[in-house]
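# Chain and residue survey
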Amino acid sequence: MATLKFTVLAGDGIGPEVMQSALEVLRKACAPEGDELSYTECAVGGAAIDKFGEALPESTLQECRKADAILFGSVGGPKWESLPPNKQPERAALLPLRKAFKLFANIRPGLLYPELTDASPLKTERIPNGIDIVCIRELTGGIYFGEKKTYQKPDGETAACDTMEYKVSEIERIAEVAGQTAMARGKRVCSIDKANVLETSVLWRKTVTEYFKKHFPEVELSYLYVDNAAMQLARDPNQFDVFFTENMFGDILSDEMAVICGSLGMLCSASLGDIKNSLGNKFGLYEPAGGTAPDIAGKGIANPCAQILSAAMMLRYSFGRAQTASRIEKAVRRAVCSGVRTADIAFGKKPVSTKEMTQAIIENL
Ligand code: IPM
Ligand code: MN
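From a predicted model like this one, the values you see are computed outputs, not experimental measurements.

### Some remarks on the pairing of strand β9 (residues 220-225)
Relative to β9, strand β8 (residues 188-193) is paired through 6 bridges, and the arrangement is parallel. Paired with I192 across the two strands is L224, which belongs to β9. In terms of handedness, the path from β8 via helix α6 (residues 199-215) over to β9 forms a crossover that is right-handed.

### Notes on the domain arrangement of the chain
When the domains of the chain are assigned, the result is domain 1 (1-108 + 263-365) and domain 2 (121-260). Placing a centre on the C-alpha atoms of domain 1 and another on those of domain 2 gives a separation of 24 Å. Listed per partner, the contact involves 15 residues of domain 1 and 19 residues of domain 2. The junction of domain 1 with domain 2 conceals about 1600 Å² of combined surface from both sides, 63% of it contributed by carbon and sulfur atoms. When the area that domain 1 buries against domain 2 is broken down by residue, the three leading residues are F104, N106 and R108, summing to 42%. If you look at where domain 1 meets domain 2, you find 0 salt bridges. Applying the counting rule to domain 1 against domain 2 returns 5 residue pairs in polar contact (both at pLDDT 80 or more). Taken together, the elements giving at least two residues each to the side of domain 1 that touches domain 2 come down to α4 (89-100) and β4 (105-112). Here the residues of the side of domain 1 that touches domain 2 are counted per class, giving 7 nonpolar, 3 polar and 5 charged.

### Quick word on the sheet that holds β4
With respect to topology, 10 strands assemble into an open sheet ordered β2-β1-β3-β12-β11-β4-β5-β10-β8-β9, the strand pairing being mixed. The open sheet has two edge strands, β2 (36-41) and β9, and neither has a second partner. Direction aside, the axes of adjacent strands within the sheet are offset by 25° on average. Summarising the sheet, strand β1 (residues 3-11) and β2 pair through 6 bridges and their orientation is parallel. Of the residues in β2, the one forming a bridge with T3 is E36. The sheet contacts of helix α5 (residues 168-183) involve β4, β5 (131-138), β8 and β10 (242-245), and relative to β5 the element is tilted by about 165°.

### With respect to the pattern of salt bridges
Tallied over the full model, the rule gives 16 salt bridges. R185 is the salt-bridge partner of D132, the closest N and O atoms lying 3.2 Å from each other. Linking D132 in strand β5 with R185 in the loop between α5 and β8, this pair joins segments that are 53 residues apart in sequence. A relative accessible area of 41% means that D132 is categorised as partly exposed. The salt bridge partner of K149 is E147, with a shortest N-O separation of 3.7 Å. Classification of K149 as partly exposed rests on a relative accessible area of 41%.

### Observations concerning the packing of α5 against α6
The interhelical angle for the contact between α5 and α6, taken along N-to-C directions, is 50°, at an axis separation of 9 Å. On the basis of their axis angle, the class for α5 and α6 is oblique. Classified by chirality, the crossing of α6 by α5 is right-handed. Counting all contacts with α5, which are made through V168, I171, E172, I174, A175, E176, A178 and G179, the residues of α6 involved are L203, W204, T207, V208, Y211 and F212. Grouping the constituent residues of the contact of α5 with α6 by class yields 10 nonpolar, 2 polar and 2 charged.

### A closer look at the environment of C337
Tracing the backbone through its elements, the reader meets C337 in helix α10 (residues 322-337). The class of C337 is partly exposed, set by a relative accessible area of 24%. Sequence spacing of C337 and P114 is 223 residues, and the spatial spacing of their C-alpha atoms is 9.0 Å. Apart from the residues within four sequence positions on either side, C337 is in contact with Y113 and E115.

### A word on the site of ligand 1
For ligand 1, the full set of nearby residues is E90, R98, R108, R137, Y144 and D251. Note that an oxygen atom of ligand 1 is positioned 2.8 Å from one of the side-chain N or O atoms of R137. About the coverage of ligand 1: the protein hides 74% of its 320 Å² of free accessible area. Tallied by class, the residues present in the shell around ligand 1 amount to 1 nonpolar, no polar and 5 charged. Split by domain, the shell around ligand 1 shows at least three residues from each of two domains, domain 1 (1-108 + 263-365) and domain 2 (121-260).

### Side note on helix α8 (residues 247-260)
When the terminal C-alpha atoms of α8 are compared, their 20 Å separation across 14 residues agrees well with the 20 Å that a helix rising 1.5 Å per residue should span. Residues of α8 that are buried include every one of N247, F249, G250, L253, S254, E256, M257, A258 and I260, and no others. Next to the buried residues of α8 lie β4, β5, β8, α6, α7 (226-235) and β10. Of the residues flanking the start of α8, the one acting as N-cap is E246, its side-chain oxygen 3.1 Å from the backbone nitrogen of M248. Following α8 by one or two positions, G262 has its phi on the positive side, about 110°.

Definitions and cut-offs
- Residues numbered from 1 in each chain as written.
- Chains lettered and ligands numbered in written order.
- Predicted model: local features only at pLDDT ≥ 70, side-chain atom pairs only at ≥ 80, totals over all residues.
- Heavy atoms only, no water.
- Pairing = 2+ DSSP bridges.
- Helix = DSSP H or I, 4+ residues; strand = E, 2+ residues; numbered from the N terminus.
- Right-handed = clockwise from strand over helix to strand, strands pointing away.
- Domains from an automatic or database assignment.
- Contact = heavy atoms within 4.5 Å.
- Buried area = accessible area lost by both parts, 1.4 Å probe.
- Salt bridge = Lys/Arg side-chain N within 4 Å of Asp/Glu carboxyl O.
- Polar contact = N/O pair within 3.5 Å; in protein donor to acceptor, adjacent residues only side chain to side chain.
- Nonpolar A, V, L, I, M, F, W, Y, C, P; charged D, E, K, R; others polar.
- Axes fitted to C-alpha atoms, helices over the stretch in contact; angles between N-to-C directions.
- Buried < 20%, exposed > 50% of the residue type's maximum accessible area, 1.4 Å probe, protein only.
- Parallel < 35°, antiparallel > 145°, perpendicular 65-115°, else oblique.
- Left-handed = near helix turned anticlockwise from the far one by under 90°.
- Near = heavy atom within 4 Å.
- Areas by Shrake-Rupley, 256 points an atom, 1.4 Å probe, with all protein chains shown as cover.
- Expected span 1.5 Å × (residues − 1).

Here it is, written out as structure tokens:
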């Protein structure tokens, strides 16, 4: 029995709609254990720009610091696209949040239920048992956070550059997360880089090799260049079990993984670091990977599953409630597999609304 303290940052687009679903499911799922939710809702992203003039107001950051976890919706949308790039919701809210809480490890499970294989663009015979892989993305380093500038060349032409840098310690700590994840699964891990071209990748590969030799001798470590990895993922995703890679490559590969797994609407994620919360668990930020989906925002038809599954990850990693987390995950699976499906995963079935999907999940708890 405990009070689960977290900050709710619903954000823009479908964020607030699917967040309502997640909170409802959380409340229902936690009640039997006597766990109560205690959350503060704060403005972030475009909503915060409209209200406070900035995407990540100090007051929001302060609330997050007081909490044990952040449940994040999504930020951005056409309304704020004309702002200067460094003021836009994505760059001015999400990236500083990741940096502020040193959330260097982004865990994205690529899960496709066997019953849902027709939602994947891959032919069913390639994925007869669905997909079950994990993408681990380095989240606070590399080209996202290196020095950037736009400037004039001596001949007067305008140029811009972004810098990609990795320190050994940054590579080692993400290797540690990958190793631990592999130990809890199939003891197989693939490190993805571009060591045939990039200096950061050469260091990445060397560091990873040494780290696994020393700390995870039981784990089978393989390597792929990122271009080949993109192809392998589309050809035969289940050849992977756990793969891990630097920030930019992980951004791209995880979107590819999401579509192969049927829908962005099913993809949840956890961003973790080394900071402990007041319960001695990992502080984390939990978010669906699908974005704000402005085209369907406000229509009540968005798929709430990714947000709900992100909330389950929050229970597991930040609150030590693995059992409640699995109950939620099973309920989502049962609801979807019984044929209750929002439009993005309907494929011939009559699509249900966000509320109906949520209700079906609650009934399956
Ligand atoms: C993601 C998103 C973000 C990223 C954007 C919104 C900054 O695409 O979480 O994958 O690039 O990391
Ligand atoms: Mn992305």
